[in-house]
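Chain by chain, the residues run as shown.
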Amino acid sequence: MIEKHQGAVKQITSHSNPIVKEIKGLVAQRKHRNQSGLFVAEGLKLATDALEAGWTVRYLAIGPEARDNPAAQKAAANAKARGALILEVSTAVMSAMTRKDNPQTVVGVYEQKILSAQDIDPKGGVLWVALDRVRDPGNLGTIIRTVDAVGGSGVVLVGDCTDPFAVEAVRATMGSLFHVPLAKMTKEEFKTFAAKWPGTVAATHLKGAVDYRTPDYSEPVLLVMGNEQKGLEDDMAAACSTLIRIPQTGQADSLNLAVATGVALYEIRRNHLEL
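Residues numbered from 1 in each chain as written. Predicted model: local features only at pLDDT ≥ 70, side-chain atom pairs only at ≥ 80, totals over all residues. Heavy atoms only, no water.

**Q** Explain the overall build of the protein residue by residue, including any values.
**A** Summing up its helical and strand segments, the protein has 10 helices and 12 strands in all. Here the C-alpha atoms of the protein give a radius of gyration of 20 Å, agreeing with the 19 Å that 2.2 N^0.38 yields for 275 residues. Residues classed as buried in the protein amount to 50% of the 275 residues present. Here the contacts in the protein between residues at least 6 apart in sequence split such that 80% fall between residues at least 24 apart. Accessible surface, the protein as shown: approximately 13200 Å² in total, 48% of it carbon and sulfur. (Helix = DSSP H or I, 4+ residues; strand = E, 2+ residues; numbered from the N terminus. Rg over C-alpha atoms; globule rule 2.2 N^0.38 Å. Buried < 20%, exposed > 50% of the residue type's maximum accessible area, 1.4 Å probe, protein only. Contact = heavy atoms within 4.5 Å. Areas by Shrake-Rupley, 256 points an atom, 1.4 Å probe, with all protein chains shown as cover.)

This is how it looks when you write it as structure tokens:
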């Protein structure tokens, strides 16, 4: 188990080091991330984003290529001042931790943050996206990134979703994970949450009769998106106030989940976005 450290620096050159094994476990297995409440984010940009957003960092591993980089030095100093253990590792050890032939030069281990339904305050012009059983980490990461881009308020994961703290999902957010709040709910918790929502609860659905460009999105909006393969279940759709549909004219029978979510989000936020 990874322990908390008062800021210090440790050099690691062995693949068999217990800390390296722990980080490898966080990268490889969801159960390790769940048990520890930690996750791994790769790259200097994500390290900088996490620190600037105030996330708690346990370890910051710095490869030899980054040790003379002023931005990496600044990130390491910042992390150390917050009590993180700074790991000076070899290129081979960095590659072993990240399972990459061409690894990033900076890798961080951070504490997870997950909200519950009680933590969400749907006031003003808030916009939350609820994802029903999203399974692809790339889709999830891209949606989190898009919610960030349009100034959305957060993402709710409903039911059995892919892990938002998997390396692939974190990578796809391009740092937006550290700026977009995440919440988890069971299906029943979500139904109760949606019933109390003070504004529009809009879901994309094949049975939707409303063009996605026509609803009034001026109130607090909860956009509900279904599973990649099976779409939104009927009981979930019944919990929504409006079923919308994105028109198509070509031969494709559907849009990718992340693309469809992005299209809807930009329409919802149309009056809030300026060049």
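Further notes follow.
**Q** Which residues make up the environment of Ala194, and what values do they have?
**A** Structurally, Ala194 can be placed in helix H8 (residues 187–195). Separated by 46 residues in sequence, Ala194 and Cys240 place their C-alpha atoms 7.0 Å apart.

**Q** Break down the confidence of the model for the protein for me, citing the residues and quoting the values.
**A** Parts of the model with low pLDDT should not have their predicted coordinates read in detail. When pLDDT is averaged across the protein, the result is 93; 97% of the residues are at 70 or more. Averaged pLDDT values over the elements of the protein bottom out at 89 in helix H5 (residues 91–98) and peak at 98 in helix H6 (residues 137–149). (pLDDT = per-residue confidence, 0-100.)

**Q** Mind laying out unusual backbone geometry, listing which residues take part and the relevant values?
**A** The residue Arg133 is not glycine, and still its phi comes out positive at about 60°. Among the secondary structure elements, Arg133 is positioned in the loop between strand S6 (127–132) and H6. Judged by its relative accessible area of 12%, Arg133 is buried. Although it is not a glycine, Met174 adopts a positive phi angle of roughly 55°. Along the polypeptide, Met174 turns up in the loop between helix H7 (167–173) and strand S8 (182–185). Residue classification places Met174 among the partly exposed residues on the basis of a relative accessible area of 38%.

**Q** Please give an account of the pattern of salt bridges that cites residues and values.
**A** One pass over the structure, following the stated rule, counts 14 salt bridges. Note that Lys187 is salt-bridged to Asp235, the shortest N-O span being 3.2 Å. One end of the pair, Lys187, is in helix H8; the other, Asp235, is in helix H9 (residues 234–238), and 48 residues separate them in sequence. Close ionic contact of Asp235 with Lys191 constitutes a salt bridge, the shortest N to O distance being 3.0 Å. In this pair, Asp235 is assigned in helix H9 and Lys191 in helix H8, connecting sequence segments 44 residues apart. Overall, the relative accessible area of 23% leaves Lys191 in the partly exposed class. Each of Asp132, Arg133, Lys187, Glu188, Lys191, Glu233 and Asp235 takes part in a single network of salt bridges with overlapping partners. (Salt bridge = Lys/Arg side-chain N within 4 Å of Asp/Glu carboxyl O.)

**Q** Go over the packing of aromatic side chains with me, naming the residues and quoting the values.
**A** Taken as a whole and judged by the stated rule, the model has 8 aromatic pairs. Judged by centre distance (5.1 Å) and plane angle (85°), the ring pair of Trp55 and Phe178 falls under edge-to-face. Of the two residues, Trp55 sits in the loop between helix H3 (44–52) and strand S3 (57–62) while Phe178 sits in the loop between H7 and S8, which places them 123 residues apart along the sequence. (Phe/Tyr/Trp six-rings, centres within 6.5 Å; stacked < 30°, edge-to-face > 60°.)

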